[in-house]
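Notes for the structure review
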Amino acid sequence: MAKLLGKVAIVTGASSGIGRATAVLFAENGASLALAARNVKSLEETKQMAIAAGGKAENIQLIGADVTQVADTKRIVEETIKKFGRLDILVNNAGAASMAGVPDSHFMRPLDVYDYVMNLNSRSLVALCQEAIPELKKTKGNIVNVSSVGSFRPIPEFTYYQMAKSAVDQLNRNLAVALAADGIRVNNVNPGFVKSNFAANTGASAEAVAAAEELWVKPRVPMKRGGEPREIATTIMFLASEDASYITGQLIVIDGGSSINVPAVPQPNK
Ligand code: NDP
């Protein structure tokens, strides 16, 4: 059944990974799509995948945008309204664990790394929500944020990233309370390790990416595998649809059990 028929959705970070899988699943379910990311060539690939899944070309808009730039976040919403005349769903998915070329966001990294990581993973969501909320009030729409299981588990190499995702969790709760009377629901998905371009985009070497499953995933994840982007998209789809009509302010962890496995990282033996 097409659960998003007649709905208009913005998906940020739709050029890859979880955002791409979400765009394809939303297209399968009848949504019109405004897909945003910096790499328009990769967005075009997502569009072709969405069409193959049943989407109509005329219902898929591509918006080249850098969400760390406020003018771009404003433009994402403006161009969506200009084309489709309404907005029902905002999926705040764009994100990365560090700056391009910097392999982690350890707490001793320079503050420009902190500023970028906080801007991309937290401030940009505030900017997008500020632009989208007036439109979502008209449609009694909803917001789904892609946070991380790392928002409540320490991995010191990714301190800035995890701080940013914790801020997203708190944004989620506050918006859910503030917007409930307007009929707007707000929820998070908090994934664990997902097989996407996430590690490579953070600056991890090809060898490190190839070794991640053995070194990072198997010792920590009870299900002994990383998640597929589609396994996150299905929960985003659920939260964005009427199936979740009485769910707001929630953080849904999708991590193969990693967050119930203690400890997340080996403890220093001092
Ligand atoms: P990918 O690296 O595969 O995708 C990231 C997406 O974000 C790309 O489409 C990229 O597009 C976009 N993006 C990055 N920077 C910007 C920017 N400045 N402006 C606009 N778009 C941007 O990773 P995932 O699909 O895994 O990541 C999606 C979300 O999931 C992120 O928020 C991430 O933090 C979260 N997450 C991922 C986990 C994982 O293990 N993979 C675990 C937990 C959470 P482009 O480069 O074209 O701009």
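Before reading on, note that the structure itself is shown above.
Let us look at the structure shown here. Here the residue numbering is sequential within each chain, running from 1 through the sequence in written order. This being a predicted model, a pLDDT of at least 70 is required before a residue's local features are given, and a value of 80 or more before pairs of side-chain atoms are given or counted; all residues contribute to the totals for chains, interfaces and linings. The side-chain numbers reported here are obtained from all heavy atoms of the structure, hydrogens and water having been left aside.

What to know about the side chain of Asp88
Here is the rule we go by: Each helix is a run of H or I in the DSSP string that is no shorter than four residues. Each strand is a run of E no shorter than two, and both are numbered from the N terminus. Under the scheme applied here, a residue whose accessible area is under 20% of the maximum for its type counts as buried, over 50% as exposed, and between as partly exposed, the area being computed with a 1.4 Å probe on protein chains only. Polar contact is the term for a pair of N or O atoms within 3.5 Å; when the atoms are in protein, one must be able to donate a hydrogen and the other to accept it, and sequence-neighboring residues count only if both atoms are side-chain atoms. Residue contacts follow a heavy-atom distance rule, with two residues in contact if any of their heavy atoms lie within 4.5 Å.
Checked against the element boundaries, Asp88 lands in the loop between α3 (70–84) and β4 (89–92). Among the residues examined, Asp88 registers a relative accessible area of 2% and is labelled buried. Among the polar contacts listed, one links the side chain of Asp88 to the side chain of Arg86, at a separation of 2.6 Å. With residues up to four places along the chain from it excluded, the contact list for Asp88 reads Gly6, Lys7, Val8, Leu136, Thr139, Gly141 and Asn142.

Some details on the site of the ligand
What counts here: Near is defined per residue: the residue qualifies when any heavy atom it owns lies within 4 Å of the molecule or strand. Here the term charged refers only to Asp, Glu, Lys and Arg, the term nonpolar to Ala, Val, Leu, Ile, Met, Phe, Trp, Tyr, Cys and Pro, and the term polar to all other amino acids, Gly among them.
As a structural note, the neighbourhood of the ligand is formed by 31 residues, with Ser15, Ser16, Arg38, Tyr161 and Ser196 the closest of them. At 2.8 Å from a nitrogen atom of the ligand is found a side-chain nitrogen or oxygen belonging to Asp66. The backbone of Val67 places a nitrogen or oxygen atom 2.9 Å from a nitrogen atom of the ligand. Of all the secondary structure elements, the ones that give two or more residues to the shell around the ligand are α1 (17–28), α4 (111–139), α5 (159–179) and α6 (198–201). Of the residues belonging to the shell around the ligand, the class tally is 14 nonpolar, 14 polar and three charged.

Some points on the sheet that holds strand β1 (residues 8–12)
Short version of the rule: Here, strands pair whenever DSSP counts at least two bridges between them. Every axis in this analysis is a line fitted to C-alpha atoms, fitted for helices over the stretch in contact. Angles between the N-to-C directions lie between 0 and 180 degrees.
Strand order in the open sheet formed by seven strands is β3-β2-β1-β4-β5-β6-β7, with parallel pairing between adjacent strands. At either margin of the open sheet sits one strand with a lone partner, and together these are β3 (60–64) and β7 (251–254). Here the strands of the sheet are splayed against their neighbours by 15 degrees on average, with no regard to which way each runs. Where strand β2 (residues 32–37) lies against β3, five bridges are found, and the strand directions are parallel. Bridge pairing in β3 links Ala37 to Gly64. Packed on one face of the sheet, α4 meets β1, β4 and β5 (142–146) and runs near 175 degrees to β4. Packing of α5 onto the sheet brings it into contact with β5, β6 (185–191) and β7, and relative to β6 it is tilted by some 160 degrees.

Without other data, these values stay purely geometric and don't point to any function.
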